[in-house]
Structure formats: structure tokens, C-alpha cells
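For reference, the chains in residue letters:
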Amino acid sequence: MIYPAETVLRKEGATTLNCGRPHRVCDSPRLRVCALVLIVVAIAWMGAGCRRQSGSKQGVRPRTLRDVPAQRLAYHFTADTDAPPSAASSEDVNAKLPAIQSDFDTRRVDEALLRTVLSPDRQRALAIYATGEDQPTEYRLDLYEASGVFLRNITPKGLAVVFAPAVAWSPDGNYAAFIGYKSATPQPSPTPLEDVLPESIPGIASASPTPSVPVTSDLTLFNTEQVYICNRDGFDLKPLTTREGLIYFYLAWSPDASKLVALACRESEWRERPLRPAGRPRLL
């Protein structure tokens, strides 16, 4: 049945204006669906406006770096100094010069070569090796020419080299540094001088007395790992650190060869993290 629009609006309590035309009343789900669609469209339009507004704020200069979105950060890492010629990153820590390995294979068959470290001028090399008398984590250090000619022993008896990867030449090639401590391998004591003197024979001068085991030098040894240094000829060996009770387990040269930086920790800290040691940097 068709009613005039004014009568229909009066019956439904509506407050909309009457256009004067007749309207058919239809209270169906279709109207509710249309209303819901209109509401969704309005919410979406408002959200788009908020996004435009927030995007416009990105053009404002931030006061602090934390206000800059991560995707807008531009960064580039550059070293402040040139890498030293003997940078360990470009070398194999287990490298062995064939000429030195050949010397061990032919002349030093009872000793095991662990690693060789070539000097920056490629003229000399440090040989880290072990003998059957050494403990599993203790090594010795010798100086070679790069051609494989043996020059001399660097570490005396009683001083053990540890942390073989830390053995390093200075960038200028004038010094070599390593980490060592007093060897746990029992060392023989020097034979008393009177026990090696030959019996005097009338009319024949006595030979110069020589101990059977060389007397240990004045080099100071420590029970915990310390940093040692020597010159390019293997002489002037001395400790750079003398803090008994500290364990030094890493070192690196400065590019100008004037300083060393090392990591150190206490013995108690080392025992707590033997597989992943953590230490504090020290400038030497």
C-alpha cells in the first residue's frame, strides 16, 4: 500500500524533510548492509587521511637521531687508519712456509711445526712448533729466514709459548710479540760447577769448566700468561707485562708499531669461561 511521504515519516518518527513525493517503506536487510558499507568506507577514508598526515611529518627535521626512522638512515663504516701489512685477516693462521716445513721434515723429524708467521718484508719468519717433551698447549718459537734457513731459538728453556694464533710481527717488522708463561714441563737443574771440573793432571792445564746444562738467563718468568717481545733478530727478549695473576690471551699491534693492545682477565674469570674467555683491553 502506498502512503504519502509525510504520513510515513510521521508514523516512523523520522525527522527527515519531506520532499512531497510518495515513498514506499521497505525495512529489509539490504538497507542495513548498505549502511554498514558506508560506515566501512568512512573509516577507511579517515585512516587514509591519518596516513597522509603522518607522512607529511616526515619532512620535518628531527631533533635527535632516535627520531629518524631506521629505513631512512644512511651509514658507511670506514677505517680511520690503514690496515697494517701483516693484517691477520688476510693470512691463514695455520699457514706454513714450504721451505721451513721441509727443514722440519728432514732435519727436525722429532718436532712438529704448527705455524709460521712471515715478517712484513717477507725476509724472515717465526716458526711455532712443539716437541715431545712439551705439554699439549705449550709451544716453542724459532727464527728462520724466509728461504728456510734456521737462524736461532727465540724462547729459552722454561718459557713456553701459548695461544699460537697471537704470535705477530709489528707492522714495521722490527719486533715480534707473543704470549708465554713459565713452562709446566719439569726442567733439569744446572749441574754444580765442581761436578764437571776435570781432574787436574800435572803439567797439563785444566780445560775451561762448562756446565752440562746452560744456566738460565735473567729472563723473568711468570706462572700466568704474559706478553713478551723481542727484536727482529730474536734478541732482547723481555716481558712487556708483569702482572702475576692476570692471563693475557690476545694481542694486536697498532698501525705505527708503537703500541700493543691486549685482552686480559683474572684466573678466576678464566676458569668460569674457559671456552669463551672474556677480558678487558689493555694498552701496552
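If you're wondering where the values come from, they're calculated on a predicted model, not measured in any experiment.

Visitor: I'm lost on the side chain of Thr116 in this one. Help?
Guide: Positionally, Thr116 belongs in strand E1 (residues 111-118). If sequence neighbours within four positions are ignored, Thr116 has contacts with Ala95, Lys96, Leu97, Ile100, Leu126 and Ala127.

Visitor: Explain the sheet that holds strand E12 (residues 280-283) here, please?
Guide: Within a sheet, each strand pairs with its neighbour through backbone hydrogen bonds, oriented either parallel or antiparallel. Strand order in this open sheet of three strands is E10-E11-E12, and the pairing throughout is antiparallel. Each edge of the open sheet is held by one strand with a lone partner, namely strand E10 (246-253) and E12. The mean inter-strand angle of the sheet, taken between neighbouring strand axes irrespective of direction, is 30°. In this sheet, E12 lies alongside strand E11 (residues 260-266) in antiparallel orientation, the contact comprising four bridges. Bridged to Ala262 within E12 is Arg282.

Visitor: Is there a simple way to explain the nonpolar core in this structure?
Guide: One recurring pattern in soluble globular proteins is that nonpolar side chains are buried together. Judged by nonpolar contacts, the single largest core of 20 residues is most densely connected at Leu126, Ile128, Leu141, Val167, Phe178, Tyr228 and Leu237. Breaking this core down by element, the ones donating at least two residues are strand E2 (124-131), strand E3 (140-145), strand E5 (159-162), strand E7 (175-182) and strand E8 (226-231). Once residues within four sequence positions are removed from consideration, Val167 is found in contact with Arg115, Val117, Leu126, Ile128, Leu141, Val161, Ala177 and Phe178. Listed in part, the 16 residues of the second largest apolar core include Ala160, Ala168, Ala177 and Ile229.

Visitor: Looking at this structure, I do not really get the confidence of the model for the protein. What am I missing?
Guide: Caution applies to low-pLDDT parts of the model: their predicted coordinates are not meant to be read in detail. In the predicted model, the protein carries a mean pLDDT of 78, and the fraction of residues at 70 or more is 66%. Every residue in residues 5-9 scores below 50 in pLDDT, and together they form 12 contacts with partners more than four places removed in sequence or on other chains.

Visitor: Any chance you could explain the side chain of Thr131 here in plain terms?
Guide: Mapped onto the secondary structure, Thr131 falls in strand E2. Non-local contacts of Thr131, meaning those with residues more than four positions away in its chain, are made with Asp110, Glu111 and Arg140.

Visitor: Explain the sheet that holds E2 to me, please; I cannot follow it from the model alone.
Guide: Across the sheet, which stays open at both edges, the four strands sit in the order E1-E2-E3-E4 with antiparallel pairing between neighbours. Looking at which strands have only one partner, the edges of the open sheet turn out to be E1 and strand E4 (150-153). Strand-to-strand twist across the sheet, computed as the mean angle between neighbouring axes with direction ignored, equals 30°. With three bridges connecting them, E3 and E4 associate as antiparallel partners. In the strand pairing of E4, Leu143 is matched with Arg152. Packed on one face of the sheet, helix H3 (residues 98-106) meets E1, E2 and E3 and runs near 165° to E1.

Visitor: When you look at the pattern of salt bridges in this model, what are you seeing that I'm missing?
Guide: Side chains bearing opposite charge may pair, as long as their charged atoms lie close to each other. Counting across every chain of the model gives nine salt bridges. Across the salt bridge formed by Glu111 and Arg108, the nearest N and O atoms sit 2.5 Å from each other. Between Arg232 and Asp121 there is a salt bridge; the shortest N-O distance is 3.4 Å. Of the two residues, Arg232 sits in the loop between E8 and strand E9 (238-239) while Asp121 sits in the loop between E1 and E2, which places them 111 residues apart along the sequence. Overall, the relative accessible area of 34% leaves Asp121 in the partly exposed class. The structure contains a network of salt bridges with shared partners spanning Arg108, Glu111 and Asp142.

Rules used throughout
- Residues numbered from 1 in each chain as written.
- Predicted model: local features only at pLDDT ≥ 70, side-chain atom pairs only at ≥ 80, totals over all residues.
- Heavy atoms only, no water.
- Helix = DSSP H or I, 4+ residues; strand = E, 2+ residues; numbered from the N terminus.
- Contact = heavy atoms within 4.5 Å.
- Pairing = 2+ DSSP bridges.
- Axes fitted to C-alpha atoms, helices over the stretch in contact; angles between N-to-C directions.
- Core = buried A, V, L, I, M, F, W, Y, C linked by side-chain atoms within 4.5 Å.
- Buried < 20%, exposed > 50% of the residue type's maximum accessible area, 1.4 Å probe, protein only.
- pLDDT = per-residue confidence, 0-100.
- Salt bridge = Lys/Arg side-chain N within 4 Å of Asp/Glu carboxyl O.

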